[in-house]
Amino acid sequence: MEKEKLKQQLKQQIIQFLNLTNVKPEEIKDDEPLFGEGLGLDSIDSIEMIVLLSREYGITIQDPKEGRKILVDINTMADYIAKHKTK
C-alpha cells in the first residue's frame, strides 16, 4: 500500500477505533505526537491502538516498551505497519 494512503487510512481508523467524533483526519498531522501534547491520547487509548494494529494489520505488540516506540506519531506507525503487517 502506498505510504500516503496508509497514513490516511490510519488516521481514519484511529478516529473510528477511539471514537474521536470531534476530530477530522486532516486535523491529525503526520508528525504530531499522538500522546500528551499532540492529539492528547492516554494509556487506555494506547491499548485500543494495539488492538487496532492487531485486528487491521496482524501486528502483535507484546512489550509495552516496543509499543511506545511504535505509537509515537502517524509517520512512525505507518513505517512500522509497512514493514511488519501480516494482513
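Here goes a summary of the coordinates provided. (Residues numbered from 1 in each chain as written. Predicted model: local features only at pLDDT ≥ 70, side-chain atom pairs only at ≥ 80, totals over all residues. Heavy atoms only, no water.)

## Re the environment of G58
With respect to the helices and strands, the residue G58 is situated in the loop between helix 2 (43-57) and helix 3 (64-70). Residue class for G58 comes out partly exposed when judged on its relative accessible area of 21%. Residues G58 and I81, spaced 23 residues apart in sequence, show a C-alpha to C-alpha distance of 9.2 Å. Excluding anything up to four places from it in sequence, G58 contacts L53, T86 and K87. (Helix = DSSP H or I, 4+ residues; strand = E, 2+ residues; numbered from the N terminus. Buried < 20%, exposed > 50% of the residue type's maximum accessible area, 1.4 Å probe, protein only. Contact = heavy atoms within 4.5 Å.)

## Remarks on the pattern of salt bridges
With the rule as written, the count across this model stands at four salt bridges. With a closest N to O distance of 3.5 Å, K7 and D30 form a salt bridge. Within this pair, whereas K7 is found in helix 1 (residues 3-17), its partner D30 is found in the loop between helix 1 and helix 2, the two being separated by 23 residues in sequence. For K7, a relative accessible area of 10% translates into the label buried. For D30, the salt bridge is made with K11, and the minimal N-O distance between the two is 2.8 Å. Residue D30 is found in the loop between helix 1 and helix 2, and its partner K11 is found in helix 1; the two are separated by 19 residues along the sequence. (Salt bridge = Lys/Arg side-chain N within 4 Å of Asp/Glu carboxyl O.)

Treat this as a map of the structure, not an account of what it does.
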